[in-house]
Amino acid sequence: MISITLNGREQSFDVEADMPLLWLIREEAGLRGTKFGCGIAQCGACTVHVDGQAVRSCMYPAVAAQDKQVNTVETLGSKDAPHALQTAWIKHQVPQCGYCQSGMMMAAAALLQNNANPSGEDIDVAMTNICRCGTYSRVKAAILDAAKEISS
Ligand code: FES
Ligand code: FES
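Note that the structure is predicted; figures quoted are calculated from it, not measured.

Reading the values: the criteria
Residues numbered from 1 in each chain as written. Chains lettered and ligands numbered in written order. Predicted model: local features only at pLDDT ≥ 70, side-chain atom pairs only at ≥ 80, totals over all residues. Heavy atoms only, no water. Core = buried A, V, L, I, M, F, W, Y, C linked by side-chain atoms within 4.5 Å. Buried < 20%, exposed > 50% of the residue type's maximum accessible area, 1.4 Å probe, protein only. Helix = DSSP H or I, 4+ residues; strand = E, 2+ residues; numbered from the N terminus. Contact = heavy atoms within 4.5 Å. Axes fitted to C-alpha atoms, helices over the stretch in contact; angles between N-to-C directions. Parallel < 35°, antiparallel > 145°, perpendicular 65-115°, else oblique. Left-handed = near helix turned anticlockwise from the far one by under 90°. Nonpolar A, V, L, I, M, F, W, Y, C, P; charged D, E, K, R; others polar. Pairing = 2+ DSSP bridges. Expected span 1.5 Å × (residues − 1).

Asks: Is there a simple way to explain the nonpolar core in this structure?
Replies: One broad rule of soluble globular proteins: the nonpolar side chains tend to lie buried together. Grouped together as the largest cluster of nonpolar side chains are 24 residues, with contacts concentrated most on Leu85, Trp89, Met104, Met127, Val139 and Ile143. Elements with a minimum of two residues in this core: α2 (84–91), α3 (101–114) and α5 (136–151). In contact with Trp89, not counting residues within four places along its chain, are Val94, Pro95, Gln101, Met104, Met105, Ala108, Val139, Ala142 and Ile143. In terms of nonpolar packing, the next biggest core, distinct from the first, is built from 17 residues, Ile4, Met19, Leu24 and Tyr60 among them.

This is how it looks when you write it as structure tokens:
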């Protein structure tokens, strides 16, 4: 059994020693916003925050999250109180198929937590998530917009 604070609520989970955090999130906790893409920490579709840092949960052992704060895309914002990134995502019509987008937004949210006013180059360096639909330029524009909104 491990105890983690998942989206603000302390919970216990019975996990296998080799279970990735992504499995705990999707299969044990039933939170399906976080996606499985490559399974080898390359694409970023599974990005969540552990103690405020972006991690690729497909390769992050669930047991390593013991006693940590894990936040998924479900806590980024809500319909009534959207995160600045969500507002910017809608304004720039970023998603195409949408599959990579929750991971993109969680990576972007971690970037803005660490650097509230990133340059275009900072975004290029930090955003290594893969989008097979090629939404990269709109992702970048939306992050710049959200940063402006947050710092205004
Ligand atoms: S599914 Fe985790 S990085 Fe691709
Ligand atoms: S929007 Fe389709 S994979 Fe990124």
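Asks: Quick question: what am I supposed to make of the packing of α2 against α3 here?
Replies: Viewed as axis vectors pointing N to C, α2 and α3 meet at an angle of 130°, and their least axial separation amounts to 10 Å. With respect to their mutual orientation, α2 and α3 come out oblique. Judged by the twist between their axes, the crossing of α2 over α3 is right-handed. Contacts between α2 and α3 involve Leu85, Gln86 and Trp89 from the former and Gln101, Met104, Met105, Ala108, Ala109 and Leu112 from the latter. In the contact of α2 with α3, the residues fall into seven nonpolar, two polar and no charged.

Asks: Please clarify how the side chain of Thr5 should be interpreted in this entry.
Replies: On the secondary structure map, Thr5 appears in strand β1 (residues 2–6). Once residues lying within four places of it in the same chain are set aside, the contact partners of Thr5 are Glu10, Lys68, Gln69 and Val70.

Asks: Looking at this structure, how should I read the pairing of β1?
Replies: Across a regular strand the side chains alternate sides, sitting on one face of the sheet and then on the other. Within β1, five of the five residues are buried, which leaves the element mostly enclosed by the surrounding structure. The side-chain alternation of β1 yields two buried faces, one formed by Ile2, Ile4 and Leu6 and the other by Ser3 and Thr5. Here β1 pairs with strand β2 (residues 9–13) via five bridges, running antiparallel. Its bridge partner lying in β2, Ser3 is registered against Ser12. In the sheet, β1 pairs with strand β5 (residues 69–71) via two bridges, with the strands oriented parallel. Its bridge partner lying in β5, Thr5 is registered against Gln69.

Asks: Where do I start with α3 in this structure?
Replies: Since the α-helix turns once every 3.6 residues, residues separated by three or four places project in the same direction. Its 14 residues place the ends of α3 20 Å apart at the C-alpha level, agreeing with the 20 Å of an ideal helix rising 1.5 Å per residue. For α3, a buried count of 12 out of 14 residues is recorded, marking the element as mostly surrounded by other parts of the structure. Turning to α3, its buried residues are Gln101, Ser102, Gly103, Met104, Met105, Met106, Ala107, Ala108, Ala109, Ala110, Leu111 and Leu112. Those residues of α3 that are buried are in contact with β3 (47–50), β4 (53–56), β5, α2, α4 (120–126) and α5.

Asks: Would you mind going over the pairing of β3 with me for this structure?
Replies: Every second residue of β3 is oriented toward a common face, with Thr47 and His49 on one face and Val48 and Val50 on the other, all of them buried. As defined by bridge partners, β3 adjoins β4 across four bridges and the pair is classed as antiparallel. What sits directly across from Val50, in β4, is Gln53.

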